[in-house]
Amino acid sequence: MRLLHTSDWHLGRSFHRVNLLEAQRAFVDHLVRTVREHRVDAVLVAGDVYDRAVPPLAAVELFDEALHRLAELAVPTVMISGNHDSPRRLGVGAGLIERAGIHLRTDPDGCGTPVLLADDHGDVAFYGLPYLEPALVRERLGADRAGHTAVLRAAMDRVRADLAGRPDGTRAVVLAHAFVAGGTTSDSERDITVGGVAAVPAEVFDGVHYTALGHLHGSQAITDRVRYSGSPLAYSFSEANHRKTMWLVDLDGDGTVTAERLDCPVPRRLARIRGRLEELLADPGLERHEDAWVEATLTDPERPHEPMARLTHRFPHTLSLVFEPDRAPEDPLASYASRLRGRTDQQIAEDFVAHVRGGDGPDAAERAVLTAALDSVRLDEAAREVTP
């Protein structure tokens, strides 16, 4: 059985001030063309169909168009909700839509109920695990504790229990939206940290033949059987070096998996350039970036006059301007952003406590209070997104 694994469409998202709807429409065209040309047997969409819980009308219309075009191909599609989606909104009409071969899996209670498809070798069971917010689904799934690992283990226990009752030789595919240990992140993914921990071990998915992951925007293989497709478009300059692809996966009759990356259309290249303004304007080696979307980091000791206007004269598609003056790390004027780069909210909060105390950071009890406060804010945002 030939599968096309994609995820993280983020319909409705823009790139800085650029509307990406036409680029997203070009991706849908490419997706449909790929399904037809490569004789795909099933399409897998591993969450974050939309960029936010209440997407703009144009994004909803594009999604509707995508569903109609996939249904017209008579190729089954299995789709789950991600942490950016509203499960209830995305799942509206799922029963009716399923009659057209579009299988929406947005309810955690359905983790152990597969979509069954068949080929010459027998059944393939597709289990959809939508994004599982631990505090909201722990009791429903019977997880023994809070946290991403615990709720995913509980969901996978349901998967394995159902699979154990099926005929020998039944192959199994799981779709999940999660941060799996070993994955490489980018700046455009929403933090899903719970209690300071976000990543789950890949071993959670043992017992199935292929796991189609969503959430991380870089295409990557955690193992031969556990893969991220990544987003089809770049959504931050941290993805400048990404190769945007989908996985074309062949699942043989004995459960053997082979996978090939298929490139997605690129609306415009991304470039990150860095240096003093006059150097960037004069450097002949930067000519190749003149038609790219550009993020320019200026290292001039003092802010130059009208830097954006001067940059866009040479690089007309400059979208982001960052100031990081060349200063010694101990200089009190050193960039605050540079000191925070790569640090989690928890680490920043703990550093602030240490700063105001003159060196002593939080003790274990205070650290727990900070963790609880940060988790409470994140959970409140998640709860609002699943409320109809």
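For clarity, every value in this text was computed on a predicted model and none was experimentally measured.

(A) Highlighting the overall build of the protein. The helix and strand inventory of the protein stands at 11 helices and 17 strands. The C-alpha radius of gyration of the protein comes to 23 Å, within 12% of the 21 Å expected for a compact globule of 388 residues. Put simply, the protein has 388 residues, and 50% of those count as buried. Just so you have it, the protein exposes about 18300 Å², and 50% of that area is on carbon and sulfur atoms. Each charge sign in the protein was given a centre, from 44 positive and 60 negative side chains, and these centres are 1 Å apart.

(B) Structural context of the pattern of salt bridges. As enumerated under the stated definition, the model contains 20 salt bridges in all. The partner of arginine 243 in a salt bridge is aspartate 263, with the nearest N and O atoms 2.7 Å apart. Pair noted here: arginine 243 is in the loop between strand E12 (226–228) and strand E13 (245–251) and aspartate 263 is in strand E14 (residues 257–263), with a separation of 20 residues, a long-range link. Judged by relative accessible area, which is 41%, arginine 243 ranks as partly exposed. What makes aspartate 263 partly exposed here is its relative accessible area of 43%. Between glutamate 324 and arginine 274 there is a salt bridge, with the nearest N and O atoms lying 2.9 Å from each other.

(C) Seen up close, the environment of leucine 233. Along the chain, leucine 233 turns up in the loop between E12 and E13. As a C-alpha pair, leucine 233 and arginine 243 span 10 residues in sequence and 9.3 Å in three-dimensional space.

(D) Inspection of the sheet that holds strand E15 (residues 270–275) at higher detail. Read from one edge of the open sheet, three strands run E15-E16-E17, paired in parallel fashion. Edge positions in the sheet fall to E15 and strand E17 (318–323), since each has one partner strand and no second. If you compare each strand with its neighbour and ignore which way they point, the axes differ by 15 degrees on average. As defined by bridge partners, E15 adjoins strand E16 (residues 293–298) across six bridges and the pair is classed as parallel. Its bridge partner being in E16, arginine 272 is matched across the sheet by glutamate 295. Across the sheet, helix H8 (residues 307–314) is in contact with E16 and E17; its angle to E17 comes to roughly 135 degrees.

(E) Main features of the pairing of strand E1 (residues 2–6). Within E1, four of the five residues are buried, which leaves the element mostly enclosed by the surrounding structure. As defined by bridge partners, E1 adjoins E13 across four bridges and the pair is classed as antiparallel. Bridge pairing in E13 links leucine 3 to valine 249. Relative to strand E4 (residues 42–46), E1 runs parallel, the two being bridged by four bridges. By the bridge assignment for E4, threonine 6 is matched with valine 45.

(F) Here's a closer look at the UniProt feature "domain: Calcineurin-like phosphoesterase" (unreviewed entry) in the protein. The UniProt record marks residues 1–90 with the feature "domain: Calcineurin-like phosphoesterase" (unreviewed entry), using the residue numbering of this structure. Counting secondary structure, residues 1–90 comes out at 41% helix and 20% strand; the distance between its end C-alpha atoms is 27 Å.

(G) Main features of the side chain of serine 236. Following the sequence through the fold, serine 236 ends up in the loop between E12 and E13. Within the structure, the side chain of serine 236 is placed 2.5 Å from the side chain of serine 238, a separation counted as a polar contact. Once residues lying within four places of it in the same chain are set aside, the contact partners of serine 236 are Phe15, Asp187, Ser188 and Leu270.

(H) The arrangement of helix H1 (residues 21–37) in detail. The terminal C-alpha atoms of H1 lie 24 Å apart, and with 17 residues this matches the ideal 24 Å at 1.5 Å per residue to within 8%. In the segment just after H1, arginine 39 is the residue with positive phi, at about 50 degrees.

(I) Focus on the packing of helix H5 (residues 134–141) against helix H6 (residues 148–164). In the contact formed by H5 and H6, the axes pass within 10 Å of each other and the chain directions differ by 35 degrees. The way H5 lies across H6 gives a crossing that is left-handed. Contact with H5, carried on its side by Pro134, Val137, Arg138, Arg140 and Leu141, involves His148, Val151, Ala154, Ala155 and Arg158 of H6 and no other residues of that element. A per-class count over the contact of H5 with H6 returns six nonpolar, one polar and three charged.

(J) Seen up close, the pairing of E14. Bridge count for E13 against E14 is seven bridges, and the pairing is antiparallel. Of the residues in E14, the one forming a bridge with leucine 248 is glutamate 260. Hairpin connection of E13 to E14: five residues between the antiparallel strands, including glycine 255 at a positive phi of 90 degrees.

(K) Layout of unusual backbone geometry. Here aspartate 8, not a glycine, exhibits a phi torsion of approximately 55 degrees, which is positive. Positionally, aspartate 8 belongs in the loop between E1 and strand E2 (14–15). Its relative accessible area of 0% is what places aspartate 8 among the buried residues. For histidine 16, which is not glycine, the phi torsion reads 55 degrees and is therefore positive.

(L) The arrangement of the environment of tyrosine 127 in detail. Considering the arrangement of structural elements, one finds tyrosine 127 in strand E8 (residues 122–129). Once the C-alpha coordinates of tyrosine 127 and glycine 110 are considered, the two residues, 17 residues apart in sequence, prove to be 8.5 Å apart. What tyrosine 127 contacts, discounting residues up to four positions off in sequence, is Cys111, Gly112, Thr113, Pro114, Val159, Asp162, Leu163, Arg166, Ala172, Val173, Val174 and Leu175. A polar side-chain atom of tyrosine 127 sits 2.6 Å from a polar atom in the side chain of aspartate 162.

What counts and what doesn't
Residues numbered from 1 in each chain as written. Predicted model: local features only at pLDDT ≥ 70, side-chain atom pairs only at ≥ 80, totals over all residues. Heavy atoms only, no water. Helix = DSSP H or I, 4+ residues; strand = E, 2+ residues; numbered from the N terminus. Rg over C-alpha atoms; globule rule 2.2 N^0.38 Å. Buried < 20%, exposed > 50% of the residue type's maximum accessible area, 1.4 Å probe, protein only. Areas by Shrake-Rupley, 256 points an atom, 1.4 Å probe, with all protein chains shown as cover. Lys, Arg positive; Asp, Glu negative; His and termini not counted. Charge placed at Lys NZ, Arg CZ, Asp CG, Glu CD. Salt bridge = Lys/Arg side-chain N within 4 Å of Asp/Glu carboxyl O. Pairing = 2+ DSSP bridges. Axes fitted to C-alpha atoms, helices over the stretch in contact; angles between N-to-C directions. Contact = heavy atoms within 4.5 Å. UniProt positions renumbered as here; feature names shortened; annotations may be inferred. Polar contact = N/O pair within 3.5 Å; in protein donor to acceptor, adjacent residues only side chain to side chain. Expected span 1.5 Å × (residues − 1). Left-handed = near helix turned anticlockwise from the far one by under 90°. Nonpolar A, V, L, I, M, F, W, Y, C, P; charged D, E, K, R; others polar.

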